[in-house]
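One letter stands for each residue in the lines below.
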Amino acid sequence: MTPPAPPKHIAVIMDGNGRWARERGLPRSAGHRAGAESVRECVEGCKEMGVNFLTLYAFSVENWSRPQSEIDTLMKLLERFLREKSREMMEWNVRLKAIGRLHLLPAPCRKALDEAIALTATNEGITLTLALSYGGREEIADAAAALAQDVLEGHLDPQDITPATLSSRLYTSGIPDPDLLIRTSGELRISNFLLWQISYTEIIVLRKNWPDFKKSDLIEAVAQFQRRRRRFGSVDPAPSAP
Ligand code: FPP
């Protein structure tokens, strides 16, 4: 029997940086810095297992309400990550993308992001998508607004709006829906992440905090995914007659 295929697309809610730092008596910024190292482990694991798409929830629209000092730390960390890892992304054939209300990012961070996206645009290995200033409801609202504009301009008949039409106006257009969603630090919630896209995504919640996430955790999560049966609302096919 052929082994079950690995997921094509893994999405990750990287949670628990703050708790990781608190448990060690360190500032939250130390947790975020350690979390950036786990990103590398995750990309490497995906590459080794033949996962084509990885989407990481790095900063939500709700995260703008955190203390300004923490926002500044995260944005600087992101900017440094993008500048320092660009060469590695080229070596690993990573194509970088970003989803979210990116115009809200500080200019230096946006610049580093645009440059890394442009540099890696023709790479054909794994597609790494960073969700930044991202909200699932905001994404769906933006897609609805784009469709309304199409109707207003006479390019679209409201009768022709289908799930596929709406999907095509999401930030993730062209990226398949995630097969597997991993959340670290034990919380059982979705937190406004990829609300439309995860209709039939398998979910795995790990108790460990994101900075403790290693390649081996990804490999174990994929093995767990491969043991699951996905029926997409249908039924298992009847066993064939002997
Ligand atoms: C959640 O932990 C994590 C974040 C809000 C930020 C995620 C950022 C990183 C992993 C580092 C930078 C990312 C990249 C792509 C370089 P939390 O702060 O909510 O933790 P807590 O719930 O324990 O307080």
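For clarity, every value in this text was computed on a predicted model and none was experimentally measured.

## Focus: the overall build of the chain
In terms of regular secondary structure, the chain is built from 7 helices and 6 strands. Counted from the first residue to the last, the chain has its helices and strands arranged as β-α-α-β-α-β-α-β-α-α-β-β-α. Over its C-alpha trace the chain gives a radius of gyration of 19 Å, about what one expects of a compact globule, namely 18 Å for 242 residues. Its C-alpha atoms give the chain principal-axis dimensions of roughly 60 × 55 × 35 Å. Looking at the chain as a whole, 46% of its 242 residues qualify as buried. Restricting the contact set of the chain to residue pairs at least 6 apart, pairs at least 24 apart contribute 77%. Carbon together with sulfur atoms contributes 53% to the accessible area of the chain, which is approximately 13,000 Å² in total. Each charge sign in the chain was given a centre, from 32 positive and 31 negative side chains, and these centres are 5 Å apart.

## Structural notes on the packing of helix 3 (residues 68-91) against helix 4 (residues 107-120)
Two packed helices can be described by the angle between their axes and the distance between those axes. The geometry of helix 3 relative to helix 4 is characterised by a closest axis approach of 9 Å and an angle of 15° between their N-to-C directions. Overall, the two elements helix 3 and helix 4 adopt an arrangement that is roughly parallel. Our pair here, helix 3 against helix 4, has a crossing hand that is left-handed. Seen from helix 3, the contacting residues are Met75, Leu78, Glu79, Leu82, Arg83, Ser86, Met89 and Met90; seen from helix 4, they are Pro108, Cys109, Ala112, Leu113, Glu115, Ala116, Leu119 and Thr120. When grouped by side-chain class, the residues that make up the contact of helix 3 with helix 4 number 11 nonpolar, 2 polar and 3 charged.

## Quick word on helix 7 (residues 215-227)
Over its 13 residues, helix 7 runs 19 Å from end to end, which matches the ideal 18 Å to within 8%, given 1.5 Å per residue. Here helix 7 has its buried residues at Lys215, Asp217, Leu218, Ala221, Val222 and Phe225. Angular distribution of buried residues about the axis of helix 7 spans 155°; they occupy a single face of the element. Across from the buried face of helix 7, at angles greater than 90 degrees, the exposed residues are Ser216 and Arg227.

## A word on the nonpolar core
Counting 43 residues, the largest nonpolar core has Ile10, Val12, Leu54, Leu56, Leu82, Leu132 and Ile182 as the members making the most contacts within it. With 7 residues, the single largest contributor to this core is helix 3. Excluding anything up to four places from it in sequence, Leu54 contacts His9, Ile10, Val12, Cys42, Val43, Cys46, Ile126, Thr127, Leu128 and Thr129.

The rules behind these values
- Residues numbered from 1 in each chain as written.
- Predicted model: local features only at pLDDT ≥ 70, side-chain atom pairs only at ≥ 80, totals over all residues.
- Heavy atoms only, no water.
- Helix = DSSP H or I, 4+ residues; strand = E, 2+ residues; numbered from the N terminus.
- Rg over C-alpha atoms; globule rule 2.2 N^0.38 Å.
- Buried < 20%, exposed > 50% of the residue type's maximum accessible area, 1.4 Å probe, protein only.
- Contact = heavy atoms within 4.5 Å.
- Areas by Shrake-Rupley, 256 points an atom, 1.4 Å probe, with all protein chains shown as cover.
- Lys, Arg positive; Asp, Glu negative; His and termini not counted.
- Charge placed at Lys NZ, Arg CZ, Asp CG, Glu CD.
- Axes fitted to C-alpha atoms, helices over the stretch in contact; angles between N-to-C directions.
- Parallel < 35°, antiparallel > 145°, perpendicular 65-115°, else oblique.
- Left-handed = near helix turned anticlockwise from the far one by under 90°.
- Nonpolar A, V, L, I, M, F, W, Y, C, P; charged D, E, K, R; others polar.
- Expected span 1.5 Å × (residues − 1).
- Arc of directions from axis to C-beta.
- Core = buried A, V, L, I, M, F, W, Y, C linked by side-chain atoms within 4.5 Å.

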